Structures are given as structure tokens and as C-alpha cells.
Amino acid sequence: MTPWWHTRQWRMIQTNLREIDMLDIDAQQVVSDMQDFRANVLLLNAAGIIASYRTQLPFHFQSPFLKGDSLQEIVTACHAADIRVMARTDFSKVRRPHFEQHPEWAYRTVDGDIVDYNGDVHVCINGPYQQEYMPRIMDELFSEVPFDGIFFNMGGYQTRDYSGNYYGICHCQHCQAAFGEMYGMALPDAEDVADPVFRAYQAFKRQTLAQHHETIFRFINGRWPNMCIANHTEFRFGFIRQESNTAIERPLPHWQYNASDNTKWAVGSFPEMVSSNTTVDFIDFPYRHVTVSPEQQRLRLAQNLANGGALDYYLIGRLDNHEDRCGFDAVKDVFHYHAANEETYTDIASKAQVMLLKARINTGEYRGWFRVLVENHVLFDVVREDAAEDVSWDHYSAIVVPGVDTMTDALADRLDAFAEAGGTLVVTGRSGFFDENHTPREVPALESLGIEDVLHVREDSRSSYLRLVDKAGFSRFDETELVYVDGVYVFAAYDETAEARMRLIPPHNFGPPERCYYDLVVDHPGLVVHPYGAGRAIYVPWMPGTLFHRQGHVNTAWFCADLLEGFAGVSPVGGNLSPMVEVTLAAKQDGSYLLLSLVNTSGHFGNSFYAPVPMVGVEVAMPLDAAPAAVYGLRSKQALPYIWDDGVLTVTVTKLELFEAIRIDVA
Ligand SMILES: [Zn+2]
């Protein structure tokens, strides 16, 4: 039987209920508010820190606020309206009285202290509460209330509280015993990748988390096979829940492609799961009652849809008592659009030919390349490193590996094999210089790079440049001789078949002006093209993505774009698109139409989000074998003018506001 979440286009709303919201919650009001948004999946608080239903379990804290309609009544009313309901649970903390009964459940600092945040005491994933009591709570919850799915808040190893205070690695008796048993060592005191004990602890975390995931997944799926389970990606089942949010202390620059990024990696890595990336209504935890710009929320939702994801909106409290409702119309706008066009968004898959690998480290390098790809209109997918060994790469002609320092042998072997079979790799920085536990390798893992020896890694290259000696392939540099470099530069010896391009100008004087000139240019390259089997690897021994993400200069973006087009053979979508327009292309599985999506990001201005500036006379050109049967704009609800000539389709969008989705019916 097809699971229910694959039989509908998913539009979720999470009303993150406070205790007091249960005082007068009304099941029919919940349903009509959901219908007003045309939402068809609801996520609300059920169990864990607080039991929002009548519990018989002695250590499940009974909410004293259950005066309104019950969870049973709410779920039943939703089901009658064809709205599915997910249970939000949080097993990361217990109320203080339960801790006093079970002090062995608690997370412990290196000094043996607990974390008590507003009367909620942090518990450890390796303790009996999460290992043994959590299944008992789920058993009772699902027996009492007919939920359709489950979401776990703050699963795994937590080291911070809601104020962001850091407490370090858990040193509870269960962690000590398990780590000692598995590795024969005492727990490390601090998180330091230079410490081999901490590297072992990272492996310990991965193994214990995988074990816990497996136990919980098997328990739920065995008992309730139609339960949609969140974020258990190993099983490629259920949904991936992420947030597009803001935070007061988050370092700038603002990540304007947040929703595209979250959706791309979820869809690209786990296509069997629903990608539910939510637009978080509020500014940050300390300001949950005031809403971010409505246009920021609308942009996030448009990015979700353009990249093959579902819609999801998350606010504190209920829809009928929310004090800042300014985001409602924007969210409804996209939800209603999706409801009206959901058939077109069903059973479609990306047609991208480039893959960007996503790792947990060097986020800036990844985001810089993400921007380069979007803003140069390259069609690309994102695959996360832990899924990269499992998904098909058959439809990719090029893969970008942005500063993926730590890499398993298996992934490196697969990347090499991809190049050997005729693909192109674009690899930057220290990719593959370390194994998955961050232990340095003697030789970088990727043989395809042609690196024979790493001579030295300079961490600070400030005031270095690369000089363009031969401009073949560099079409954007007619008036420019230099590319600036900062941060890491890798000095390496390459094998003799490698073609080295550009020459390094090492750090030199930058003041006073009288001394601002260089007199040394050395034989170390800015990029290296290395033939490998039927394909090749292009190695960049520095970190242009990091530079572009942080500084945003076109000097860097031009280098990356020329590398892709002039060296890696990548062809972007044509036309007259602004760099501020994101473009994606998907195809219906039966081949009947293509869906070309445009998202106008021009409302992102500094650190604010306004309505995007409308663009007129937007042209998009792409290869198409035969003239299309019809070209239709779903957002503007009209046939769009187009020209098909000699294998190229050019569509004109008369006026592009936030987004357009162009359905191209194949003849
Ligand atoms: Zn512990």
C-alpha cells in the first residue's frame, strides 16, 4: 500500500502549542483555520516534556491545562476534513520532579552538573529515559490518539540550552560506560578535532545515534507501519523536517537561499522522502511572538516549490490567537497557489546535470559555490555526503566538491570512478585530505586530482593573487589580469599530465602606496586540469567559494563561472536572466511536460526582505528537441509567448514578480 504521504501534495502547518493554548483550544476552529490556508497536514504538541493528553504513565508530566478540546477530538475533527495530524514530541528533557525521581536520566557536564532550564532538565540519549521510557510513552500516545506521524524535537546529542549556553560533552554514567566499552578510553573533556580521543568520540556519537535511530524506527514502523516518521533518513521513509529561520546572534551574511538549499539537499539525497522545509514565522527563540518579513516567508515557500519540496509553515501558539498575523496572507498566497496546481507538482524530478556535494564542514565554501551555480543559472542538484554513496549519479556530467576536507575512502573511490568513466570533478581546498574522523591522510584521497605530494598548506594567503597568464577559457577576464586570493592555499606537486593554469603571486606589500607592487610570481597554479580515464578533475588549490560567500566580489564569481563554463563544460540556462533569478528544471515522470521554475530573489536587500522588484520581458532559453505543444505560466495563469528554433526553446515571461512556473508540454 502506498503510504498516505505519497498520495497527497503536502502543505503542513505547525502550531507549536504553549501549555496555555490547551485551555480553550477548539477542534472545529483548528480545522477551519487549517482550511483557510488550504493546509492538509497539521503538526502539534503531544508528548515528551509535557503530556498534552491524559496519561497514565508515572513519569510523563501531565499537562494541567487540558481544559479545551482534547487531542483525540482535534485529530478526529482533522481526519473528518482530510487533514493528517503529526505528533510533535520532545524527549530531550524531563520536568524537574521526574528528574528528582530519576537523577540517572540526566545529561551531566564534565563536573557532574545537570542543566535545568526553566524547570526542564536535559536528559541524555544514552540514558534509560530515551532508551527505555520513550517507547513506553509512544506506545501510550499512539494507543490513545490516532496520529498519522511523529516528529522528534531536539533528538540526538544536545550541548546547549535555549539561550545558547554551551555545556560541553555529556559525561553521564551511561556515556562514560558506553564510550569506555567501545573505545577503552575516558570521555574527552572538550570538542577539539586535533584530539584523537575527540575524534573517537565523534565516531561514538555516530554509532550510538544510528543505533538509537534504528531502535526507534523499528519500534514505530513495526507497530504502526502507516506512521510518517521524521528525519530518519537512513531508512529513506517518512519526511525530512527542516527550518528556514533567523537568529539574533547568527553571523552575517544572511543566507538568502536557505530554503532552496534545505530543499535541494533533501530532495537530491533522499528522493523517497517528503521534503518539509518550514518557514519559521518568528525572529528567534527570545522573540517568538513577532514575525519576520512576509516577503521573506513567501520567498522561502517559492524556493521550496521550485526545488521540488513541500510547503510548511511554523508559528508559536495557535492560528486563532497569534498576535502578529502579518505573515498569514503571504503564506496563504503560496499555499493556495500550490493547492490549485498540485497535480502539476506531482511525480516530477529534477533534470539537473550538475551535482553539488554538501558536507558538514566548510559551509562558506559550499554556499559560495551554491551562489555561483544559482546566479549563473546552472541547473544543479545537491547531495549530502552521507547519502552520496547511495544515490544514482547517472544523470550528472559534473560534480562540484567544495572543500569537503573529510571524506570516506568509499566516497573518494566513487568520485574517482565518476571521473574515470567520463565525468568532470571540480574540487577545491583540502577535499579528501582527512578521513571521516578528521585524521589527516598521507596522500589526499582523490587520485583523480593528480596530486603527487602536498608540500605545504598556507593558512593565511592575504594579499596574494593569481595572475592570468593564458586567458583561454577565461571569457570574463578581458579587462582583468588578476584574481585575488585569501585564506587557504595548498602548495602541491602534480603529476606530469596535469595542466596548471594561472601563476601565484605570494603575499606582498600593501602599504604604504609607494610600496604596493609585487615583484615575485611563482610556478604554483590557480587551477589544475588533470585528465583521468575518460574524464578529468579540475582542482582549485584554494577556497573561492568561501571568499565569494563572505565578500561577494565578482572577481571571485567570474573565476568560478569561467571554471564551470570554460573548463568543466557546463552549459547554463540561456536568455536574459538576472543573477537575482533562480532557475530550476524538472520533468514529469511520464515525460509529458517539463516544469521550468523562476524565482525572483531581488527582494533580498542587505539584511532585509522586501517584495521583489518586478522584472519585465524576461527570456529563458534552453535546449529542447522538438517544438513544444504548449507553454503555460501557472502563476500568471496564461499561455506564454515562445520561439522554438533549431533545438532551442526561448520563452518570454512578460512580467516576473516573485515566481513563475512554466509548464512546457512536450509534443
Ligand atoms: Zn550521557
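Structure: see above.
Each chain has its residues counted from 1, running along the sequence as written. It should be noted that, the model being predicted, local features are given only for residues of pLDDT at least 70 and side-chain atom pairs only at 80 or more, the latter also being counted only at that level, while totals for whole chains, interfaces and linings use all residues. For side-chain calculations, the full set of non-hydrogen atoms in the structure is used, while hydrogens and water are omitted.

Draft legend 1. Representation of the sheet that holds strand 3 (residues 84-90) in the model. As summarised here, the arrangement of the eight strands in space is 8-7-3-2-1-13-10-9, forming an open sheet in which the pairing is parallel. Strands with a single pairing partner mark the edges of an open sheet, and in this sheet they are strand 8 (228-229) and strand 9 (239-244). As defined by bridge partners, strand 1 (residues 11-16) adjoins strand 13 (residues 311-316) across six bridges and the pair is classed as parallel. Across the sheet, the residue bridging to Met12 is Asp312, located in strand 13. Pairing between two strands is assigned when DSSP locates at least 2 bridges connecting them. Strands here are runs of E lasting at least two residues and helices are runs of H or I lasting at least four, both read from the DSSP assignment and numbered beginning at the N terminus.

Draft legend 2. Focus on the nonpolar core. Side-chain atoms within 4.5 Å are what join buried Ala, Val, Leu, Ile, Met, Phe, Trp, Tyr and Cys residues into a set we call a nonpolar core. Think of it in three bands: with a 1.4 Å probe and only protein chains considered, a residue is buried below 20% of the maximum accessible area for its type, exposed above 50%, and partly exposed in between. Ranked by internal contacts, the top residues of the largest apolar core, which has 88 residues, are Trp10 and Phe147. Among the elements that line this core, the one with the most residues is helix 4 (residues 128-144), at seven residues. If we skip the residues at most four places from it in the chain, Phe147 touches Leu44, Ala46, Leu71, Val75, Val85, Met86, Ala87, Leu141, Phe142 and Met227. Listed in part, the 47 residues of the second largest apolar core include Leu468, Phe477, Tyr489 and Leu564. Note on definitions: a residue-residue contact is assigned when non-hydrogen atoms from the two residues lie within 4.5 Å.

Draft legend 3. Focus on the packing of aromatic side chains. Centres within 6.5 Å are what make two rings of Phe, Tyr or Trp a pair, Trp counting through its six-membered ring; a difference in plane orientation under 30 degrees is then read as stacked, over 60 as edge-to-face, and the rest as tilted. Scanning the model with the defined rule gives 44 aromatic pairs in all. Centroid distance Trp105 to Tyr133: 5.5 Å. Interplanar angle 40 degrees. Geometry classified as tilted. Linking Trp105 in the loop between helix 3 (96-101) and strand 5 (116-117) with Tyr133 in helix 4, this pair joins segments that are 28 residues apart in sequence. Pair check on accessibility: Trp105 and Tyr133 agree, each one buried. Centre to centre, the rings of Tyr157 and Tyr201 are 6.3 Å apart; their planes meet at 75 degrees, and the pair counts as edge-to-face. Taken as a pair, Tyr157 in the loop between strand 7 (149-152) and helix 5 (173-183) and Tyr201 in helix 6 (residues 196-223) lie far apart in primary sequence, 44 residues in all.

Draft legend 4. Structural context of the coordination of the zinc ion. For the zinc ion, the full set of protein donor atoms is Cys124 (SG), Cys170 (SG), Cys172 (SG) and Cys175 (SG), and the range of their distances to it is 2.3 Å. Only nitrogen, oxygen and sulfur atoms qualify as donors, provided they sit within 2.8 Å of the metal or within 3.2 Å for Na, K and Ca; with water excluded from the atoms, sites may seem incomplete. Angle rules define the geometry names used: all angles between 85 and 135 degrees makes four donors tetrahedral, while opposite donors over 155 degrees apart and all other angles between 65 and 115 make four donors square planar and six octahedral, leaving every other case irregular. Here the zinc ion is ringed by four donor atoms whose angles at the metal span 98 to 116 degrees, and the overall shape comes out tetrahedral. When the donor residues of the zinc ion are listed from N- to C-terminus, their spacing reads C-x45-C-x1-C-x2-C. For the pair Cys170 and Cys175, a shared accessibility class is recorded, and that class is buried.

Draft legend 5. The arrangement of the sheet that holds strand 34 (residues 638-639) in detail. Judged by pairing direction, the sheet is antiparallel, and its six strands sit side by side in the order 14-28-29-37-33-34 without closing on themselves. Every other strand in the sheet has two partners, leaving strand 14 (348-350) and strand 34 as the edge strands with one partner each. Sheet analysis places strand 33 (residues 630-633) next to strand 37 (residues 659-665), joined by four bridges and oriented antiparallel. Considered in strand 37, the bridge of Tyr632 is made with Arg663.

Draft legend 6. Quick look at the packing of helix 12 (residues 544-551) against helix 13 (residues 554-567). Only C-alpha atoms enter the line fits that serve as axes; for helices the fit covers just the stretch in contact. Angles between N-to-C directions range over 0 to 180 degrees. The geometry of helix 12 relative to helix 13 is characterised by a closest axis approach of 9 Å and an angle of 140 degrees between their N-to-C directions. In terms of orientation, helix 12 and helix 13 fall into the oblique class. As helix 12 runs across helix 13, the sense of the crossing is left-handed. Packed against helix 12, whose contacting residues are Pro544, Leu547 and Phe548, the element helix 13 presents Thr556, Ala557, Phe559 and Cys560 at the interface. Should an angle fall under 35 degrees it is called roughly parallel, over 145 degrees roughly antiparallel, and 65 to 115 degrees roughly perpendicular, with every other angle called oblique. Here is the rule for handedness: rotate from the far helix to the near one, and if that takes an anticlockwise turn smaller than a right angle the crossing is left-handed, while a clockwise turn gives right-handed.

Draft legend 7. Expanded view of the side chain of Asn555. Position of Asn555 relative to the elements: it lies in helix 13. Given a relative accessible area of 16%, Asn555 falls into the buried group. Side-chain polar atoms of Asn555 contact the backbone nitrogen of Tyr484, separated by 3.0 Å. The contacts of Asn555, once residues within four sequence positions are left out, are Phe477, Thr480, Leu482, Val483 and Tyr484. Two N or O atoms form a polar contact when they lie within 3.5 Å of each other; inside protein one atom must be a possible hydrogen donor and the other a possible acceptor, and for residues adjacent in sequence the pair counts only when both atoms belong to side chains.

Draft legend 8. Just the packing of helix 7 (residues 258-269) against helix 10 (residues 363-375), in detail. At their nearest, the axes of helix 7 and helix 10 sit 12 Å apart, and the two run at 100 degrees to each other. Our classification of the angle between helix 7 and helix 10 gives roughly perpendicular. In this structure, helix 7 uses Ser260, Asp261 and Lys264 to contact helix 10, whose residues at the interface are Tyr366, Arg367 and Phe370.

Draft legend 9. Structural view of the pattern of salt bridges. By definition, a salt bridge exists where a carboxyl oxygen of Asp or Glu is found within 4 Å of a side-chain nitrogen of Lys or Arg. All told, the structure shown has 33 salt bridges when counted by the stated rule. Of the charged contacts, one joins Asp36 and Lys332 as a salt bridge, the two residues approaching to 3.1 Å between their closest N and O atoms. Here Asp36, found in helix 1 (residues 27-37), pairs with Lys332, found in helix 9 (residues 328-340); they are 296 residues apart in sequence, far enough to count as distant. Since its relative accessible area comes to 40%, Asp36 is described here as partly exposed. One connected set of salt bridges, linked through shared partners, spans Glu295, Arg298, Asp333 and Arg635.

Draft legend 10. How the structure looks around unusual backbone geometry. Between Leu252 and the following residue, Pro253, the backbone shows a cis peptide bond with an omega angle of 5 degrees. With respect to the helices and strands, the residue Pro253 is situated in the loop between strand 9 and helix 7. Between Gly511 and Pro512 the backbone carries a cis peptide bond, its omega angle lying at -10 degrees. Checked against the element boundaries, Pro512 lands in the loop between strand 24 (503-505) and strand 25 (527-532). Unusually for a residue other than glycine, Asn362 sits at a positive phi of about 50 degrees. Relative to the helices and strands, Asn362 resides in the loop between strand 15 (354-358) and helix 10. Classification of Asn362 by relative accessible area gives partly exposed; the value is 27%. For His377, which is not glycine, the phi torsion reads 65 degrees and is therefore positive. According to the relative accessible area criterion, His377 is buried, its value standing at 8%.

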